[in-house]
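Secondary and tertiary structure notes
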Number of protein chains: 2
Amino acid sequence: MELWFSDYHTEKVKVSVKVQKQLFGLQTEFQRIDVFDSDEFGRFLSADGSIVFSEKDEFIYDEMIVHVPMAVHPHVKNVLVIGGGDGGVARELGYYEEIEKIDVVEPDRVFVEVCKEFFPDNACGLGDKRVSIYYEDGLKFLRLRQNEYDLIINDAIDPLGHNAGLFTKEFYGNCYRALKEDGIMVYQHGSPFYDEDEESCRVMHRKASHSFPISRVYQAHIPTCSSGYWLFGFASKKYHPLEHLDAKRWKERHIKTWYYTTNLHKGAFMLPRYVEDMLEEEEDRKK
Amino acid sequence: MELWFSDYHTEKVKVSVKVQKQLFGLQTEFQRIDVFDSDEFGRFLSADGSIVFSEKDEFIYDEMIVHVPMAVHPHVKNVLVIGGGDGGVARELGYYEEIEKIDVVEPDRVFVEVCKEFFPDNACGLGDKRVSIYYEDGLKFLRLRQNEYDLIINDAIDPLGHNAGLFTKEFYGNCYRALKEDGIMVYQHGSPFYDEDEESCRVMHRKASHSFPISRVYQAHIPTCSSGYWLFGFASKKYHPLEHLDAKRWKERHIKTWYYTTNLHKGAFMLPRYVEDMLEEEEDRKK
C-alpha cells in the first residue's frame, strides 16, 4: 500500500509524506484533527489538512518559541500560553524552576485529549503542577487580564481559521494590557516566502510594532512548515531580544536542547534582506 | 490539466510543484535535464529528477555561496567555479571589479546551452569578459593547478551521481593545492535534516576539516532544497569567516542583494545544536 499525506503550502506547492497508518481522525467543534504515523516524521498531527507538528521536528518550534524569551527576561514567574494544547510549549517551560504559574488556554478540549493519547512526549508538559488548562477562547480569556503575566506565548496557528481573533489588533492590545510592565510576548509569525503568506506576515508585524515599543522578528528552519522557513515575533515592553540576552545565565541552567543555543539565538534575529525590507516597510507605515 | 512535478527529498517525503508546461527535456551524456514553467517558482531546472534551481529562489543560493567568501577575503583576483554552468555564481562574482579571472569548469556542455536558452538572467553571468568556460571534468582540471586561485567555489551538486569525484578526499586536497596561501574554498554541504542526508554531510565536513586549518559551516533557507534547509562549507587557509569579515568594505561596494547582508552573514554561522553536535563529532574523529 502507498498512502501519502499532502500538505498544501500554497495552491500550487505541496509537501507529501508517506504514511504507515492513520491513527485518528475526527471533526471537532473547532477543526478537523487527524493523526498519522510515518517513517520520516514519526507521528504527526494535522488540523484542517495542515501539519501542526511532528515528532521529528516539533523540538525546533517548541524550543525556539520558549527559550528565546526565557533567555532574555530575567525573572519570569507567570506565563500565559494561548493555544498550546499539545503540551510541547508547557514541557519546555517546565525546565525553568523559577516559573510559578503556566496558564494554557486552549478552546478545543478534543485537541488536548488527542495529544495526551498519541503524543505523550509533548503532553507530559501539561502534567506539570504549575499548569492550569482553560478550555476557553483565547481572546475572551485575555479581556479579563491586566498586569498579570511576565510572558505570553501565542502558540495558536492559522490566522484565517477559527483562531482569526488571535491575530487582530485588539488581541495585541489585550496582550499588552495583560503583561506586566516588563512583559514579553512571542507569537507565530508565519512564513515570508510564498506570495500568499506575505500579507499576513506583514499585517502581524504592523500590529505588533504599533502596539509594543520593541518588536523584532526571528527565524527557524522547520521542515514541516510552509517552505521550511518559519518566523516568530518578539514583542516587548522593556527587554530587547539581543541587548538583554543573558547567555551566561541561560547556560548555567543546563537545559538540554537539540536546536536552541544562545549563539543561535543571536543568529536567529539576523534576517535575509527580503524579510528585513518587508518588515521595515510595515514599521514605516502610519497606524 | 493538472501537471505536478515531484522532487523526492527522501524515499518518503516529496515536494510537488504545479507545472504550467514542460519547456525542455533531454538525457545528456551526463544527466537527465528538464526545464519547467510554474506559477509558484517561475521556471525551474531539474537534473535527474531533482530541482537544481528555480527563478524564484536561486538568488538565495547564488548570493550565499559568493558574497560570504567575498566579504571575508580582502583581495580576490582569480576565481575557479566548479560546476556553475547555469551562470548564477558567475553573475554574482561579476559585481566585484577587482576580480580579474573567473574560470568555470562544467563538464556538461548541454547544461550550459540549456541555461543560456531558458535562464538568461543566470546565464548572463557567463557573458562577462573575465569568464572562461572549460568543458571538462572538475577533478581532472584541478589536478594541473597549483597556487593559482584566491577562491574556489564548488557549485557542483549530487555527491552520489556523476559529480561524486568532487566530494572525495583527493578533491579537497587538490583544491588546497590549487589555492594560494590565503585562499578560500566554499562548497555545497547538503542538508543535515533527514537521516539519509546526514552521512554525506558528515563525510564532507570530516574531509574539509582535515584538509584545511579553518573549516566552518554556514546555513541558508532555500525552499527547493531538501527540507528547505541547506548548508555550505567554508574551508580556508588563513581567513576566518567571522573574524575576517569586513562589513564596512563590503557595504561600500553597494551590491544589490535580496538575501545576503553582512549581518545575516554572521547569523548564518550560528547553527542549531543538532548540526553543531554532528560537525564537532566529525572534527574529533581521527583521520
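Residues numbered from 1 in each chain as written. Chains lettered and ligands numbered in written order. Predicted model: local features only at pLDDT ≥ 70, side-chain atom pairs only at ≥ 80, totals over all residues. Heavy atoms only, no water.

Notes on the sheet that holds strand 10 (residues 179-190) of chain B
Residues and elements named next belong to chain B. Our working rule: Between any two strands, pairing holds if DSSP finds at least two bridges. Here a strand is any run of E in DSSP of at least two residues, a helix any run of H or I of at least four, and the numbering for each starts at the N terminus. Only the stretch in contact is used when fitting a helix axis, every axis being a line fitted to C-alpha atoms; angles between N-to-C directions are given from 0 to 180 degrees.
What the seven strands build is an open sheet, ordered 8-7-6-9-10-12-11; its pairing is mixed. At either margin of the open sheet sits one strand with a lone partner, and together these are strand 8 (131-134) and strand 11 (214-221). Averaged over all pairs of adjacent strands, the angle between their axes in this sheet comes to 15°, without regard to strand direction. In the sheet, strand 7 (residues 101-105) pairs with strand 8 via four bridges, with the strands oriented parallel. Across the sheet, residue Ile 102 finds its bridge partner in strand 8, namely Val 131.

A word on the nonpolar core
Generally speaking, a soluble globular protein has its nonpolar side chains buried in company with each other. As a reminder, the rule being used: Grouping buried Ala, Val, Leu, Ile, Met, Phe, Trp, Tyr and Cys residues that are joined through side-chain atoms within 4.5 Å yields what is termed a nonpolar core. Using a 1.4 Å probe on the protein chains alone, a residue whose accessible area is under 20% of its type maximum counts as buried, one over 50% counts as exposed, and one in between counts as partly exposed. Two residues qualify as a contact provided that any one of their heavy atoms is within 4.5 Å of a heavy atom in the partner residue.
Met64(A), Leu93(A), Met64(B) and Leu93(B) are the most contacted members of the largest nonpolar core, which totals 126 residues. For Leu93(A), the residues in contact, after removing those within four places along its chain, are Val66(A), Met70(A), Val79(A), Val81(A), Ile99(A), Ile102(A), Leu151(A) and Ile153(A).

Topic: the pairing of strand 9 (residues 149-154) of chain A
Residues and elements named next belong to chain A. Counting buried positions along strand 9 gives six out of six residues, so the element sits mostly inside the fold. Across four bridges, the pairing between strand 6 (residues 78-82) and strand 9 is parallel. Across the sheet, the residue bridging to Ile 82 is Asn 154, located in strand 9. With five bridges connecting them, strand 9 and strand 10 (residues 179-190) associate as parallel partners.

Focus on the packing of aromatic side chains
Heads up, the rule is: Pairs were defined over the aromatic rings of Phe, Tyr and Trp, the Trp ring being its six-membered one, requiring ring centres within 6.5 Å. Orientation was assigned from the angle between planes: stacked under 30 degrees, edge-to-face over 60, tilted for the rest.
This structure, assessed with the given rule, holds 41 aromatic pairs over all chains. An angle of 35° between the planes, with centres 5.0 Å apart, marks the rings of Tyr218(B) and Phe269(B) as tilted. With Tyr218(B) in strand 11 and Phe269(B) in the loop between helix 9 (262-268) and helix 10 (273-284), the pair connects residues that are 51 residues apart, well separated along the chain. Of the two residues examined, Tyr218(B) and Phe269(B), each falls in the buried class. In textbook terms, an aromatic cluster arises when at least three aromatic residues are bridged by ring pairs, as seen for Tyr61(A), Tyr218(A), Phe232(A), Phe234(A) and Phe269(A).

Some points on the relation of the copies chain A and chain B
We apply this condition: For this overlay, a least-squares fit was computed on C-alpha atoms, restricted to residues scoring pLDDT of at least 70 in both copies.
Placing chain A over chain B gives an RMSD of 0.0 Å and needs a rotation angle of 180°, together with 0.0 Å of translation along the axis. Both chain copies can therefore be described as sitting about a two-fold axis. It is Gly267(A) whose C-alpha, among those of chain A, lies nearest the rotation axis, at 1.8 Å. A shared binding surface is used by both copies, with 100% of the interface residues of chain A retained as interface residues in chain B.

A word on the interface of chain A and chain B
We count it as follows: When a carboxyl oxygen of Asp or Glu lies within 4 Å of a side-chain nitrogen of Lys or Arg, that pair is called a salt bridge. Two N or O atoms form a polar contact when they lie within 3.5 Å of each other; inside protein one atom must be a possible hydrogen donor and the other a possible acceptor, and for residues adjacent in sequence the pair counts only when both atoms belong to side chains. Ten residue types, Ala, Val, Leu, Ile, Met, Phe, Trp, Tyr, Cys and Pro, are classed as nonpolar, four, Asp, Glu, Lys and Arg, as charged, and the remainder, Gly among them, as polar.
Listed per partner, the contact involves 43 residues of chain A and 45 residues of chain B. Joining chain A to chain B, the criterion identifies four salt bridges. The salt bridge involving Asp39(B) is made with Lys12(A); its shortest N-O contact spans 2.4 Å. Run the count over chain A and chain B and you get 13 residue pairs in polar contact (both at pLDDT 80 or more). If you list the elements that add at least two residues to the side of chain A that touches chain B, you get strand 1 (4-10), strand 2 (13-27), helix 1 (58-70), helix 9 (262-268) and helix 10 (273-284) of chain A. Among the elements that make up the side of chain A that touches chain B, the one with the highest residue count is strand 2 of chain A (six residues). A per-class count over the side of chain A that touches chain B returns 20 nonpolar, nine polar and 14 charged. Looking at chain direction, strand 2 of chain A and strand 2 (residues 13-27) of chain B are connected through five bridges and run antiparallel. Bridge assignment links Val13(A) to a residue of strand 2 of chain B, and that residue is Val17(B).

Structural notes on the packing of helix 7 (residues 195-211) of chain A against helix 10 of chain A
All names here are of chain A. The test is simple: Our angle categories are set so that under 35 degrees counts as roughly parallel, over 145 as roughly antiparallel, 65 to 115 as roughly perpendicular, and the remainder as oblique. A clockwise turn of the near helix away from the far one marks a right-handed crossing, whereas an anticlockwise turn of less than a right angle marks a left-handed crossing.
In contact at an axis separation of 9 Å, helix 7 and helix 10 are set at 45° when each is read in the N-to-C sense. In terms of axis orientation, helix 7 runs oblique to helix 10. Two packed elements cross with a definite hand, and for helix 7 against helix 10 that hand is right-handed. Seen from helix 7, the contacting residues are Glu 198, Cys 201, Arg 202, His 205, Arg 206, Ser 209 and His 210; seen from helix 10, they are Met 278, Leu 279, Glu 281, Glu 282 and Glu 283. Class assignment for the residues of the contact of helix 7 with helix 10 results in three nonpolar, three polar and six charged.

Things to note about the sheet that holds strand 10 of chain A
Residues and elements named next belong to chain A. Pairing within the open sheet is mixed, and its seven strands lie in the order 8-7-6-9-10-12-11. The open sheet has two edge strands with one neighbour each: strand 8 (131-134) and strand 11 (214-221). The average angle at which neighbouring strand axes cross in this sheet is 15°, direction not considered. This element, helix 7, spans strand 10, strand 11 and strand 12 (229-236) of the sheet and lies at about 175° to strand 10.

A look at the domain arrangement of chain A
Residues and elements named next belong to chain A. Spelled out, the test is: Either an automatic procedure or a domain database provided the assignment from which the domain bounds are taken. Buried area counts how much accessible surface, traced with a 1.4 Å probe, disappears from two parts once they are put together, with both parts' losses summed.
In terms of domain boundaries, chain A breaks down into domain 1 (4-54) and domain 2 (58-284). Between the C-alpha centres of domain 1 and domain 2 the distance comes to 23 Å. Counting from both sides, the interface comprises 21 residues of domain 1 and, opposite them, 22 residues of domain 2. When the buried area of domain 1 at its contact with domain 2 is split by residue, His 9, Phe 30 and Phe 53 rank highest and sum to 32% of it. Our enumeration of links across domain 1 and domain 2 arrives at zero salt bridges. In this assembly, domain 1 and domain 2 are joined by five residue pairs in polar contact (both at pLDDT 80 or more). The residue makeup of the side of domain 1 that touches domain 2, split by class, is 13 nonpolar, five polar and three charged.

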